[in-house]
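Listed below, chain by chain, are the residues.
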Amino acid sequence: MSLAAEAFVSQIAAAEPWPENAALYQPLKEDQILLSDSASSLAVQTFLRMCGLPVQVSCRANAEYMSPSGKVPFIQVGNQVVSELGPIVQFTKAKGHSLSDGLDDVQRAEMKAYMELVNNMLLTAELYIQWCDDFTATEISRPRYSSPYSWPLNHILAYQKQWEVRRKMNAIGWSGKSLEQVYEDVSQCCQALSQRLGTQPYFFNKQPTELDALVFGHLFTILTTQLTSDELVEKVKSYSNLLSFCHRIEQAYFKEQEREGQSGSSRHSKGSLP
Amino acid sequence: MAAPCELFCWKAGLGLPSVNTDCLIVLAYARFAGAPLKIHKISNPWRSPTGSLPALRTKDEGSCSQPSQIIIQLRKQKFNADYDLSAKEGADTLAFISLLEERLLPALIYALWIDPKNYVEVTRRWYGENMSFPLNFFLPGRMQNRQLERLRLIRGNGTLEAGEEAEKELYHDALECLNLLSQRLGSNKFFFGDSPSSLDAYVFGHLAPLFKIRLPNCRLQQNLKNLDNLNTFCSNILSLYFPNESIEGVSRPVSSTQPGSDLDNEPYKRRKQLLSVLVAVAAMLSYALFTGIVAIEHVQEEEPVGSHIGPSHEEEEEV
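None of these values were measured; they are calculated from a predicted model.

A.B. asks: Provide a residue-level description of the packing of helix α7 (residues 198-212) of chain B against helix α9 (residues 228-241) of chain B, including the pertinent values.
C.D. replies: Residue and element names in this part refer to chain B. Orientation of α7 relative to α9, taken along the N-to-C sense of each, is 100°, at an axis distance of 9 Å. One way to sum up the angle between α7 and α9 is to call them roughly perpendicular. In this structure, α7 contributes D200, V203, F204, L207, A208, F211 and K212 to the contact, and α9 contributes L230, N231, F233, C234, S235, I237 and L238. Here the residues of the contact of α7 with α9 sort into ten nonpolar, two polar and two charged.

Written out as structure tokens, the structure is:
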């Protein structure tokens, strides 16, 4: 698409108000969704709630294949489909809804950098634990990922996904890491986030930004998801200000009856925060 | 005193202390921290202890290859450029390094390795001229394939190819990253005041190739030139910490004229032509021998007794 056409499309998008029937698509919550996708989905939902934009969560077994980028979650607003948090933030900004307008240039630079830190370390660590740790892959990831499909497609798709993730880990230099090193990276990332948050209610003081939504999505999902080991949860729990931060956002943006739904199934999840 | 660690990295060229981003990061960090390294600047990655560059060889810990691992090793030996950073500054360092790796690095890979004009006229030419025969025939191409594969996996796009669409997307992200870095640096000499840290090493490693290498086709370089503080930052580090290396290999200006073909820019063009002629001649001779166009007969001659102990065989070529 040319730049002129893109500008025209974004103008049209900006002109239309946010519809009541906007939908967010993600994999099946009960049996299929994995830690990384659940975290990304919760981050988008949190962001939209912070913006005060209504969205219906729709769970589909083939959500990954419906997405234009092959990544979940994605939203459908009118006749437009946008996937992943970054592009969704841009899309809502075009419609006049932004959480970071109050930030100065240096703060905006820091916010973007910390968002990349979460994607670069937390998200990558989640993918590593899901697919590169053989025990977790065998016990949780492959069975859940392939649950909607019948034999032999279930095995084919699960192994194909595992192979894709492992190739990516190899490309970014994570294939040589041990599970302990990955947990250490998570701890390092949490320490950086904890230092940046300090005693403030949100990362940039009084008002939440997309960084707050992203961090909450990942940390809350880690804290409420049952894995083969509790080590990942323990790493996050050792930062009390991050725990308080998660409690604060949960209280402010997620009503009592919705809490159970956000954190997944009883088999895969431990419910709301401890 | 223990023997110094040995650092293996790509040799200097194109106006830079090393032509590789990871090597530049490690070299800059070592200079900032004052680490007394024995540096081997080589143009054959197979001569490094890990088979890739950069690589650090220590007496106790063996060898490691990633910039982050090398920096950890140097810190263990008390060479720490981040010792006076606060906890928050340490956190910012991690965050901005992630920003570089996610946003700027893919565009840098694209500019140097994927863009056809840049690859043929600059990258392949340099590696071809600086690698020894026969590595220069296949290694640059293999490195390009690896970089393309790496870029596809990083971006999560299995069909990514050189083209306007990919370039626009990658350069958009990279330009945003450059602007964010410029805003964060402000009017400071370095990112955290007056002394350089590991973040400065990472930023320098990613910006120096764009700052110094003259690429025939790179909008990103033009964008970097517009950000005065980042230009000053790069030239400061080159003049303060690499005073000799930056003068050594000033990059050759790339002609603005359109080349006739890719072959015009082949390194060792004469040698390749000669080799291809020899291969062709050998192939024709082999064909001639196998099909019987040329035959080799063994003729046995009788000689007077006593002149030879055994019968002699003389080869004759019959055309």
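A.B. asks: For the sheet that holds strand β4 (residues 62-64) of chain B, give the residues involved together with the corresponding values.
C.D. replies: Residue and element names in this part refer to chain B. Spatially, four strands are ordered β2-β1-β3-β4 in an open sheet, and the strand pairing comes out mixed. Lying at the two open borders of the sheet, with one neighbouring strand each, are β2 (38-42) and β4. Ignoring which end each strand starts from, the neighbouring axes of this sheet average 20° apart.

A.B. asks: I'd like a description of unusual backbone geometry, backed by residues and values.
C.D. replies: All names here are of chain A. Cis geometry is found at the peptide bond from V72 to P73, where omega equals 0°. The topology assignment puts P73 in the loop between α3 (63-66) and β3 (74-77). Omega for the peptide link from W151 to P152 comes to 5°, which places this bond in the cis form. Within the secondary structure layout, P152 lies in the loop between α6 (134-145) and α7 (153-171).

A.B. asks: Give me the environment of Q195(A): which residues, what numbers.
C.D. replies: With respect to the helices, strands and loops of the structure, Q195(A) is situated in helix α8 (residues 179-197). Separated by 46 residues in sequence, Q195(A) and N241(A) place their C-alpha atoms 9.3 Å apart. The residues contacting Q195(A), other than those within four sequence positions of it, are A87(B), K88(B) and A91(B).

A.B. asks: So, the confidence of the model for chain A: which residues are in play, and what are the values?
C.D. replies: Do not read the fine detail of predicted coordinates wherever pLDDT is low. Residues and elements named next belong to chain A. On average, residues of chain A carry a pLDDT of 87, and 87% of them reach 70 or more. The element-level mean pLDDT for chain A is lowest in helix α12 (residues 256-262), coming to 46, with helix α9 (residues 210-224) highest at 96. Low pLDDT, under 50, characterises residues 262-270; the stretch is placed with 33 contacts to residues that sit more than four places away or in other chains.

A.B. asks: How would you explain the interface of chain B and chain A if you had to name every residue and give the values?
C.D. replies: On the side of chain A, 25 residues touch chain B, which itself brings 25 residues to the contact. Counting each side, the surface lost to burial between chain B and chain A is near 2300 Å², with a carbon and sulfur contribution of 55%. Considering only the surface of chain B that becomes buried against chain A, L94(B), L153(B) and Q183(B) emerge as the three largest contributors, covering 22% of it. The tally of links from chain B across to chain A stands at five salt bridges. Note that R184(B) is salt-bridged to E110(A), the shortest N-O span being 3.6 Å.

A.B. asks: Tell me about the pattern of salt bridges, and please be specific about residues and values.
C.D. replies: Enumeration according to the criterion identifies 18 salt bridges over all chains in this entry. For D82(B), the salt bridge is made with R75(B), and the minimal N-O distance between the two is 2.5 Å. Judged by its relative accessible area of 14%, D82(B) falls in the buried class. By relative accessible area, R75(B) is classed as partly exposed at 32%. Residues participating in the shared-partner salt-bridge network are E110(A), R196(A), K88(B), D92(B) and R184(B).

A.B. asks: Just give me the short version of the side chain of S83(A), but keep the residues and values in it.
C.D. replies: Residues and elements named next belong to chain A. With respect to the element layout, S83 can be found in strand β4 (residues 80-83). Residue classification places S83 among the buried residues on the basis of a relative accessible area of 8%. Among the polar contacts made by the side chain of S83, one reaches the side chain of S69 at a distance of 2.7 Å. For S83, the residues in contact, after removing those within four places along its chain, are S67, P68, S69, K71, P73, F74 and I88.

A.B. asks: Can you explain the environment of L42(A)? Please cite residues and give values.
C.D. replies: Counting through the fold element by element, L42(A) comes out in helix α2 (residues 35-51). Accessibility expressed as a relative area gives 3% for L42(A), which makes it buried.

A.B. asks: Outline α6(A), supporting the account with residue identities and numerical values.
C.D. replies: Regarding α6(A), the residues found buried are T136(A), A137(A), I140(A), S141(A), R142(A), R144(A) and Y145(A). Next to the buried residues of α6(A) lie α3, α5 (105-131) and α7 of chain A.

A.B. asks: Go over the sheet that holds β4(A) with me, naming the residues and quoting the values.
C.D. replies: Residue and element names in this part refer to chain A. The mixed open sheet is built from four strands, whose spatial order is β2-β1-β3-β4. Each edge of the sheet is formed by a strand with only one pairing partner; in this case those strands are β2 (56-59) and β4. Pairwise comparison of adjacent strand axes, ignoring direction, gives a mean angle of 25° for this sheet. As defined by bridge partners, strand β1 (residues 23-26) adjoins β2 across four bridges and the pair is classed as parallel. Paired with A23 across the strands is Q56, a residue of β2. On the sheet, α2 packs against β1, β2 and β3 and is oriented at approximately 165° with respect to β1. Running over the sheet, helix α4 (residues 85-94) touches β3 and β4 and is turned about 135° from β4.

A.B. asks: How would you summarise the packing of aromatic side chains if you had to cite specific residues and measurements?
C.D. replies: Residue and element names in this part refer to chain B. Within this structure, the stated rule accounts for 16 aromatic pairs over all chains. For the ring pair F32 and Y241, a centre distance of 4.8 Å and an interplane angle of 75° mean the geometry is edge-to-face. Placement of the pair is F32 in helix α1 (residues 21-33) and Y241 in helix α9, with a sequence separation of 209 residues. Judged by relative accessible area, F32 falls into the buried class, the value being 13%.

A.B. asks: How would you summarise helix α3 (residues 87-114) of chain B if you had to cite specific residues and measurements?
C.D. replies: All names here are of chain B. Along its 28 residues, α3 runs 39 Å from first to last C-alpha, staying within 8% of the 40 Å computed at 1.5 Å per residue. At L104, α3 is deflected by roughly 45°, the largest bend along its length, and proline P106 occurs up to four residues later in sequence. Of all 28 residues in α3, 22 are buried; the element is thus mostly enclosed.

A.B. asks: Pulling in residues and values, what's your account of the pairing of strand β3 (residues 55-58) of chain B?
C.D. replies: Residues and elements named next belong to chain B. Here strand β1 (residues 6-10) pairs with β3 via three bridges, running antiparallel. Bridged to L7 within β3 is L56. Summarising the sheet, β3 and β4 pair through three bridges and their orientation is antiparallel. Paired with L56 across the two strands is C64, which belongs to β4.

Parameters at a glance
Residues numbered from 1 in each chain as written. Chains lettered and ligands numbered in written order. Predicted model: local features only at pLDDT ≥ 70, side-chain atom pairs only at ≥ 80, totals over all residues. Heavy atoms only, no water. Axes fitted to C-alpha atoms, helices over the stretch in contact; angles between N-to-C directions. Helix = DSSP H or I, 4+ residues; strand = E, 2+ residues; numbered from the N terminus. Parallel < 35°, antiparallel > 145°, perpendicular 65-115°, else oblique. Contact = heavy atoms within 4.5 Å. Nonpolar A, V, L, I, M, F, W, Y, C, P; charged D, E, K, R; others polar. Pairing = 2+ DSSP bridges. pLDDT = per-residue confidence, 0-100. Buried area = accessible area lost by both parts, 1.4 Å probe. Salt bridge = Lys/Arg side-chain N within 4 Å of Asp/Glu carboxyl O. Buried < 20%, exposed > 50% of the residue type's maximum accessible area, 1.4 Å probe, protein only. Polar contact = N/O pair within 3.5 Å; in protein donor to acceptor, adjacent residues only side chain to side chain. Phe/Tyr/Trp six-rings, centres within 6.5 Å; stacked < 30°, edge-to-face > 60°. Expected span 1.5 Å × (residues − 1). Bend = angle between axes of the 7 residues up to and from the residue.

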